[in-house]
Amino acid sequence: MESETGEETKLQELIRHWMNERHAPDILPAQSTLLGRLLDHIRKQNETVQLLRADPDSSEEEHFRIMLAQTEIERVKFIVRSYVRTRLYKIEKYARFIVANPEIQERLSATELEHARRFAHLMESHFHRTVLQSLPARQRGLADEVPFTPPMILEPDKMRAVFAMARTQCPPVRLPDGSTSEMEKGQISLTPYYVIEQLLARDEVELV
Amino acid sequence: MALSVSLRSSVTPPELELVASEQLIEIIPLISMDKTAFISGAYGPLRPPAKCKLPIWMATNLKLKKKCHIVPPAWLNVDFLQDRLTRETSQPEFCAMPFRFAEIAKIILDVASDDVENPDKIRSLLKDLREARQAKSREGITKLDHSELSLPNLCSMEINEIRPFFIRSMGVLTQLTRDPAAAGDA
């Protein structure tokens, strides 16, 4: 039904990563190089548009090219912004977990990691100054593990279900009920996130 | 905070429309334009009345300024949709439809209904198709278990509609199966 001619462009790749990030309950590896290249592209297009606008001999045809180029710049900027905001939202939500786990830190860029550290520190000192320092010493902890209650440090919920669509024939994965599932190209399946986590990291599935 | 509350739980239909608008569609231009390099690729040249392929967002832009005519894709006509509708109502599985047909059909019918033949009939066929498929998705909830559910031929907008409910149901089922005593009672 759908014809995908050849490989995908950088923009299509970013859109795919953006959608993956929007749907995934965990933070996915940062696509800093891809983002950098697209931001460069945006800047170049912007300069070209400024040049064309400043030129007084522009014909009506030029006018349309300028308008379409500007519209496209706005579209790409929106996608980049939404991608960064989604990651930021997850980073701030799981800031304390990130600070404590080196494994998830590898998936963040340097600036994101720095932001996570400062945010976690800010939150802890805020809680401490407003409430905790007035409590008895034993109740000041922010990392208590009490039985039958969820942990105080929020961690990503890898059991949450996601809709995954296979981009190629996938190797078999183990499902929670013990059976194995091998997805074929174009197959859509609803399954807990951790089942397809590795497939997603290798770009064999995308979240839909 | 970085993401507004309405965006946190799921992807919104306008965002799905944005993604669908990157696909290519054929137009009959009414202005000429040289080959231009955009971020998503190089398009053109536009030489009326020769047909040309452009992304849908570009085509809608030009159409709104009355500078082109949109050629509806091969699946957006009465015969094809009628055939799919009869298949949908006679078989228990979902029939194959283009993955983003709901978004693309909406854009084209909104912007270029004069370029489509018989738009009202197409609108009613799409509506019937949507209702038939929704009824099947609702039955699909009975097949839901805690491990996996395969949904062949389901489309982007439909997945988005069932997403919140199916995800929460699977979450509840997972919790029930993690606790063997509760599963024994149920």
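Residues numbered from 1 in each chain as written. Chains lettered and ligands numbered in written order. Predicted model: local features only at pLDDT ≥ 70, side-chain atom pairs only at ≥ 80, totals over all residues. Heavy atoms only, no water.

## Observations concerning the domain arrangement of chain B
All names here are of chain B. We apply this condition: For each domain, the first and last residues come from an automatic or database assignment. Throughout, a contact is declared for two residues whenever any of their heavy atoms are within 4.5 Å. The working definition used for a salt bridge is a side-chain nitrogen of Lys or Arg within 4 Å of a carboxyl oxygen of Asp or Glu. Pairing of N or O atoms within 3.5 Å defines a polar contact, subject to two protein rules: one partner must be a possible hydrogen donor and the other a possible acceptor, and residues neighboring in sequence count only if both atoms are side-chain atoms.
What the domain assignment reports for chain B is domain 1 (13-71) and domain 2 (78-175). In this structure, domain 1 and domain 2 have C-alpha centres spaced 27 Å apart. The partner domain 2 presents 13 residues to the 14 residues of domain 1 that form the contact. Taken together, the connections running from domain 1 to domain 2 amount to three salt bridges. The residue K106 makes a salt bridge to E17 at a minimum N-O spacing of 3.3 Å. Applying the counting criterion to the domain 1 and domain 2 interface returns five residue pairs in polar contact (both at pLDDT 80 or more).

## Digging into the UniProt feature "domain: DNA replication complex GINS protein PSF2 N-terminal" (unreviewed entry) in chain B
Going by this rule: UniProt positions are given in the numbering used here, feature names are shortened, and annotations may be inferred rather than shown by experiment. Comment: elements are numbered from the N terminus, with helices defined as DSSP H or I runs of at least four residues and strands as E runs of at least two.
The UniProt record marks residues 12-71 of chain B with the feature "domain: DNA replication complex GINS protein PSF2 N-terminal" (unreviewed entry), using the residue numbering of this structure. Each end of residues 12-71 of chain B is marked by a C-alpha atom, and these two atoms are 27 Å apart; helix forms 28% of the span and strand 33%.

## A word on the pattern of salt bridges
Residue and element names in this part refer to chain A. The cut-off we apply is this: Working definition: with a 1.4 Å probe on protein chains only, accessible area under 20% of the residue-type maximum means buried, over 50% means exposed, and in between means partly exposed.
Under the counting rule described, the total for this entry stands at 33 salt bridges over all chains. Across the pair E8 and R167 runs a salt bridge, and its minimum N-O distance is 3.8 Å. Pair noted here: E8 is in the segment before helix 1 (10-23) and R167 is in the loop between strand 1 (161-166) and strand 2 (173-174), with a separation of 159 residues, a long-range link. Here D40 and R43 are joined by a salt bridge, their closest N and O atoms 2.7 Å apart. Here the residue D40 and the residue R43 both occupy positions in helix 2 (residues 32-54), the gap between them amounting to three residues, near one helical turn. According to the relative accessible area criterion, R43 is partly exposed, its value standing at 46%. Through salt bridges with shared partners, a single ionic network connects D26, E103, R107, K158 and E197.

## Side note on the pairing of strand 4 (residues 188-192) of chain A
Side-chain direction in a regular strand flips from residue to residue, so the side chains alternate between the two faces of the sheet. Stated formally: If DSSP finds at least two bridges between two strands, the strands pair.
Counting buried residues in strand 4 of chain A gives five out of five residues, a clear majority hidden from the surface. Sheet topology places strand 1 of chain A next to strand 4 of chain A; five bridges connect them, and they run antiparallel. Bridge pairing links M165 of chain A to I188 of chain A in strand 4 of chain A. Bridging between strand 4 of chain A and strand 6 (residues 149-150) of chain B involves two bridges; their strand directions are antiparallel. Bridging across to strand 6 of chain B, L190 of chain A finds its partner in L149 of chain B.

## Thoughts on the packing of aromatic side chains
The test is simple: Each Phe, Tyr or Trp ring (for Trp, its six-membered ring) is paired with any other whose centre lies within 6.5 Å, and the angle between the two planes then decides the class: stacked below 30 degrees, edge-to-face above 60, tilted in between.
Per the counting criterion, the structure on display carries two aromatic pairs over all chains. The interplanar angle of 85° and the centroid separation of 6.3 Å between the aromatic rings of W18 of chain A and F78 of chain A together place this pair among those described as edge-to-face. Taken together, the residues W18 of chain A in helix 1 and F78 of chain A in helix 3 (residues 60-93) connect sequence positions 60 residues apart. Relative accessible area serves as the criterion here: at 0%, W18 of chain A is assigned to the buried category. Its relative accessible area of 33% is what places F78 of chain A among the partly exposed residues. When the centroid spacing of 6.1 Å and the interplanar angle of 35° are considered together, the rings of F38 of chain B and Y43 of chain B count as tilted. Each member of the pair, F38 of chain B as well as Y43 of chain B, is classed as buried.

## A word on the nonpolar core
The following threshold applies: Residues belong to one nonpolar core when they are buried, are Ala, Val, Leu, Ile, Met, Phe, Trp, Tyr or Cys, and are joined through side-chain atoms within 4.5 Å.
Membership of the largest hydrophobic core comes to 62 residues, with the highest contact counts inside it found for I27 and L62 of chain B. Within the second largest apolar cluster, 17 residues are counted, among which are L190 of chain A together with L149, I162 and I167 of chain B.

## Quick word on the side chain of T86 of chain A
Mapped onto the fold, T86 of chain A is located in helix 3. By relative accessible area, T86 of chain A is classed as buried at 2%. Discounting chain neighbours no more than four positions away, the residues touching T86 of chain A are E21 and R22 of chain A together with L3 of chain B.

## Examining the packing of helix 4 (residues 78-90) of chain B against helix 6 (residues 119-140) of chain B
Residues and elements named next belong to chain B. To be explicit about the condition: Structural elements are reduced to axes, namely lines fitted to C-alpha atoms, with helices fitted over the stretch in contact, and the angle between N-to-C directions of any two is expressed from 0 to 180 degrees. Working rule for angles: under 35 degrees goes down as roughly parallel, over 145 as roughly antiparallel, 65 to 115 as roughly perpendicular, anything else as oblique. Working rule for handedness: look at the near helix, and if it is turned counterclockwise from the far one by less than a right angle, call the crossing left-handed; if clockwise, right-handed. Residues are sorted three ways: Asp, Glu, Lys and Arg are charged, Ala, Val, Leu, Ile, Met, Phe, Trp, Tyr, Cys and Pro are nonpolar, and all the rest, Gly among them, are polar.
Their axes nearest at 10 Å, the elements helix 4 and helix 6 cross at an angle of 25°. Between helix 4 and helix 6, the crossing angle belongs to the class labelled roughly parallel. Here helix 4 and helix 6 pass one another in a crossing that is left-handed. Residues V78, L81, Q82, R84, L85 and E88 of helix 4 form the contact with helix 6, whose participating residues are K121, I122, L125, L126, D128, L129, A132, R133 and K136. Considering only residue class, the contact of helix 4 with helix 6 consists of eight nonpolar, one polar and six charged.

## Thoughts on the UniProt feature "domain: GINS subunit" (unreviewed entry) in chain B
UniProt records the feature "domain: GINS subunit" (unreviewed entry) at residues 75-173 of chain B, using the numbering of this structure. Across residues 75-173 of chain B one finds 65% helix and 2% strand; the C-alpha atoms that close the span lie 39 Å apart.

## Examining the domain arrangement of chain A
Residues and elements named next belong to chain A. Stated precisely, the cut-off is as follows: The quantity reported as buried area is the accessible area (1.4 Å probe) lost by two parts once they are put together, taken as the sum for both.
The domain architecture assigned to chain A consists of domain 1 (10-153) and domain 2 (157-207). Placing the centre of domain 1 and that of domain 2 at their C-alpha centroids yields a distance of 25 Å. In this assembly, eleven residues from domain 1 lie in contact with eleven residues from domain 2. Buried surface at the junction of domain 1 and domain 2, both sides included, amounts to about 950 Å², of which 51% is carbon and sulfur.

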